[in-house]
Amino acid sequence: MKHILGFVAALAIASPLLAAEERYSVLFSGRTVGTLVADEANGTTSIVYDYKNNGRGPTVSESVTVDSAGLPTRWKVTGSTTFGSKIDESFSTDGKRASWTDATGSGSAEVTAPSLYVAQGASPFALGLYARALDKAGGKLPALPGGELKLEALAPVQMGTVSTTAYTLSGIDLDRQTIFLDSNKRLVAFATPEFIVVRQGLEGEEARLRAMVAEWDTKRLTDTVRELAKKPAGNLRITNVRIFDPAKLALSAPASVLVKGNRIAAIEGPAVTRPGETVVNGAGGTILAGFNEMHAHLGQSDALMNLVAGITTVRDMGNDDPVLDKLVGRIESGELAGPRVVRSAFIEGKSKTNAQATVVVDNEADAVQAVRNAAKAGVFHQIKIYTSINPDWVPAMVKEAHALGLQVAGHVPAFTTTDAMIEAGYDEITHSNQLMLNWVLQPGDDTRTLLRITALKRFADYDINSPAAQKTINLMISKHIAHDPTLIIMETATRGRKGQLPPGAVDWAPHMPIGIQRDLKQPMLDIATPEDDRAYSAAFDTTLAVMKKLNDGGVLIVPGTDMGGSFWYHRELELYTSFLSNAQVLKRATLDSSVHLKRGADYGEVKPGKIADFMLLPGDPVADIKAIKAISMVVKDGTVYFPAQAYEALGIKPFAAAPTVGGAGFKPAN
């Protein structure tokens, strides 16, 4: 009781977060794209955070007051998220009761011990605030609205004349945040392998800090992989299963699957076993070839999550190439667990709003040279043309790509049309909004901005039999152009509503930590009026109608998310049942996509001679597509993973129990 009374008394004493104004730069791929500025006045810290990358980004204003323990007593956050959804968040406490309002609604809790509020919409400056409070509390505190935050020191890091220590913060979401604090425990930098927020004057440390974080993340993930990856002590046998056959669009009779090394050796009777085998009891479940996530931007943190979701191959559609080089190498060596990666060479044009990509060009000669460089690298399946490319350069880029054996996919660059890009030689159009937008754009509309998303509401009640729509659809059909619609991101954008789980997360969100559930209730877009609500929702109906028309005409529609894959990918496949049967969806996600990637000889089916990339499902996905959301085992290249074990390690409630194992059992993969 004495401890609690002391805590309440301390709330009356404001503790400044700053010694003076602090300014930070936000950098992607070495390029400054925004700032974070924090200033102190009368015991309250004001923060302004703004960056724009690829024509979008958050704009956040905050005011926060903390007590002598560094715990927030008042916090106000306003602004907008990356895609424009409005932020209006507040928190206050009198030491006995805490109250807050965020995207999930309003909440409150009795405060019986020092607790640290985690702001939903705050800038990265909040990470420094949390760290100072945690340091004063000994490294660990209960969090509001729920969970626990933990601070752990990593290593001293010298940045010029500034001495810092790197720390990890855990408990906010599934990832650990890496921050760098000075001797006064003030934020110097927050870094990920992809981007960084760093104190101004230290921008030259950007590449080194990102590399450090990647190495530390790798070490943590490597330790996890040692626990999760398993090699059969003998040949691997999965008994009493039915196998999905994409040729017959049906499940087989009960059988067993024998794997020797990394290939499927035989399909035999359901109860057949031999001495020395590692025997997994399939318990009447389904064996299905590994999924292909056809629109990924893979990072270390989501590699394992994709794999245990049954995704054994991703097509990466653009990345920080040096970072991805290292990640692919680590996956291929077995150091990290993740899917196989089929890579796209991302080529962007220079503009005021261009994506901060590895390759940004500003003339046709350099654009064509970028294509040549991609072919010479020998690791790319295709080039991906992006939004700020001058459309006049595209025919030359396509010609060079095809001459060098590369496919061409991409966005529709600003100020041109889908039809023009098809005529220029695209093999595939990326994103359903990119396919459809020129039907509703007005002269001067700039799709290098958020308009390429917000203009979706113009498709409410749109007549897809209009001449403009019919011309594009017929071109797609006649020229055999594939389509990667990323339906899940369109559904989440158009049907996500404040305080509600988006439709694509309803089935899996309850399994996640409270922080993830909370963040899922922040919509992507600013849908402020009943008219907007109806228009956006109806626009997604139009999108699905276009997909059906394309599919009926024979267009190959391939499943990808652009949202990190994993659970979102399962929803992507579920959406495909609006124009394909369950069995056709499974074939599209496995064999069809493997063939499209020119990998059908080794992947996409569970049959003798193929690579052992498959999953075990307790249920029957031909009868119920939702059965793909509960996976009991994943095999990639002959190595076995039990998703339940991985999810438990990550703080996620498992979706299916691991199968029973007998015979010779397993040994660690490394």
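Residues numbered from 1 in each chain as written. Predicted model: local features only at pLDDT ≥ 70, side-chain atom pairs only at ≥ 80, totals over all residues. Heavy atoms only, no water.

**Q** How do you make sense of the packing of aromatic side chains when you look at a structure like this?
**A** The geometry of an aromatic ring pair is captured by two quantities: the separation of the ring centres and the angle between the planes. Evaluated as defined, the whole model comprises 22 aromatic pairs. For the ring pair Trp439 and Tyr462, a centre distance of 5.9 Å and an interplane angle of 15 degrees mean the geometry is stacked. Taken together, the residues Trp439 in the loop between α9 (432–436) and α10 (451–454) and Tyr462 in the loop between α10 and α11 (467–478) connect sequence positions 23 residues apart. Taking relative accessible area as the criterion, Trp439 reaches 9% and is therefore assigned buried. On the basis of relative accessibility, which here comes to 19%, the residue Tyr462 falls in the buried class. Taking the centre distance of 5.2 Å and the plane angle of 45 degrees together, the rings of Phe567 and Phe655 count as tilted. Residue Phe567 is located in helix α15 (residues 567–576), and its partner Phe655 is located in the loop between α17 (643–650) and β34 (661–663); the two are separated by 88 residues in the primary sequence. Counting every residue linked through ring pairs, the aromatic cluster contains Phe28, Tyr49, Tyr51, Phe190 and Phe195. (Phe/Tyr/Trp six-rings, centres within 6.5 Å; stacked < 30°, edge-to-face > 60°. Helix = DSSP H or I, 4+ residues; strand = E, 2+ residues; numbered from the N terminus. Buried < 20%, exposed > 50% of the residue type's maximum accessible area, 1.4 Å probe, protein only.)

**Q** Would you take a moment to explain the side chain of Arg330 for this structure?
**A** Relative to the elements of secondary structure, Arg330 occurs in helix α5 (residues 321–333). Under the relative-accessibility criterion, Arg330 is labelled buried at 11%. When neighbours within four sequence positions are excluded, Arg330 is seen to be in contact with Ala214, Glu215, Thr218, Gln300, Glu335 and Leu336. (Contact = heavy atoms within 4.5 Å.)

**Q** For this particular structure, what's the right way to read the packing of helix α12 (residues 487–495) against α15?
**A** Helix packing for two helices is described by the angle between their axes and how far apart those axes are. Interhelical geometry of α12 versus α15 gives an angle of 95 degrees and a closest axis separation of 8 Å. Between α12 and α15, the crossing angle belongs to the class labelled roughly perpendicular. In this structure, α12 contributes Leu487, Ile488, Glu491 and Thr492 to the contact, and α15 contributes Trp568, Arg571, Glu572, Leu575 and Tyr576. Broken down by class, the residue content of the contact of α12 with α15 amounts to 5 nonpolar, 1 polar and 3 charged. (Axes fitted to C-alpha atoms, helices over the stretch in contact; angles between N-to-C directions. Parallel < 35°, antiparallel > 145°, perpendicular 65-115°, else oblique. Nonpolar A, V, L, I, M, F, W, Y, C, P; charged D, E, K, R; others polar.)

**Q** Which parts of the structure should I look at to understand the nonpolar core?
**A** Across soluble globular proteins, you tend to see nonpolar side chains buried next to one another. Counting 112 residues, the largest nonpolar core has Phe291, Ile383, Trp439, Phe459 and Leu550 as its most contacted members. No other element matches helix α14 (residues 530–552), which puts 7 residues into this core. Here Phe459 is in contact with Met436, Leu437, Trp439, Val440, Ala538, Ala539 and Thr542, once residues within four sequence places are set aside. Grouped together as the second largest cluster of nonpolar side chains are 47 residues, Ala38, Ile47, Leu144 and Ile179 included. (Core = buried A, V, L, I, M, F, W, Y, C linked by side-chain atoms within 4.5 Å.)

**Q** Help me understand the environment of Asp392 in this model?
**A** Relative to the helices and strands, Asp392 is located in the loop between β27 (380–385) and α7 (394–403). Judged by its relative accessible area of 60%, Asp392 falls in the exposed class. Along the chain, Asp392 and Asn363 lie 29 residues apart, while their C-alpha atoms are 9.9 Å from each other.

**Q** Where do I start with α15 in this structure?
**A** Helical periodicity: at 3.6 residues per turn, an α-helix aligns residues three or four positions apart in one direction. In terms of residue burial, α15 counts as a mostly covered element, since 10 of its 10 residues are buried. Those residues of α15 lying buried are Phe567, Trp568, Tyr569, His570, Arg571, Glu572, Leu573, Glu574, Leu575 and Tyr576.

**Q** For this particular structure, what's the right way to read the pattern of salt bridges?
**A** Where side chains of opposite charge bring their charged atoms close, a pairing between them can arise. Taken as a whole and judged by the stated rule, the model has 46 salt bridges. One salt bridge connects Glu268 with Arg237, and the closest N-O pair in it is separated by 2.5 Å. Here Arg237 lies in strand β17 (residues 236–245) and Glu268 lies in strand β20 (residues 263–268), a separation of 31 residues in the sequence. For Lys610, the salt bridge identified is with Glu605, shortest N-O distance 3.0 Å. The exposure classification of Lys610 matches that of Glu605, with both residues buried. (Salt bridge = Lys/Arg side-chain N within 4 Å of Asp/Glu carboxyl O.)

**Q** Help me understand the pairing of strand β11 (residues 148–159) in this model?
**A** Two faces belong to every sheet, and in a regular strand the side chains alternate between them. With 3 bridges connecting them, strand β10 (residues 140–144) and β11 associate as antiparallel partners. Paired with Lys140 across the strands is Lys150, a residue of β11. Connecting β10 to the next strand, β11, in antiparallel fashion are 3 residues, including Gly147 with a positive phi near 90 degrees. Bridge count for β11 against strand β12 (residues 162–170) is 9 bridges, and the pairing is antiparallel. When the sheet's bridge partners are listed, Ala153 is paired in β12 with Tyr167. Joining the antiparallel neighbours β11 and β12 is a turn of 2 residues, in which Gly160 adopts a positive phi near 60 degrees. (Pairing = 2+ DSSP bridges.)

**Q** Would you mind showing me how to read helix α6 (residues 364–377) here?
**A** Helix length check: α6, at 14 residues, gives a terminal C-alpha distance of 20 Å against a target of 20 Å (1.5 Å per residue), a fit within 8%. Of the surrounding elements, those touching the buried residues of α6 are β25 (340–349), β26 (360–361), β27 and α7. The first or second residue beyond α6 is Gly378, which carries a positive phi of 75 degrees. (Expected span 1.5 Å × (residues − 1).)

**Q** Just to check I follow, could you spell out unusual backbone geometry for this structure?
**A** Negative phi values dominate among residues other than glycine, just as trans dominates among peptide bonds. Cis geometry is adopted by the peptide bond preceding Pro145, which originates at Leu144 and carries an omega value of 10 degrees. With a phi close to 55 degrees, Asn42 is a non-glycine residue in the positive phi region. At Ala283, a residue that is not glycine, the phi angle is positive and equals roughly 55 degrees. In this structure, Ala283 sits in the loop between β21 (278–281) and β22 (286–289). Accessibility expressed as a relative area gives 60% for Ala283, which makes it exposed.

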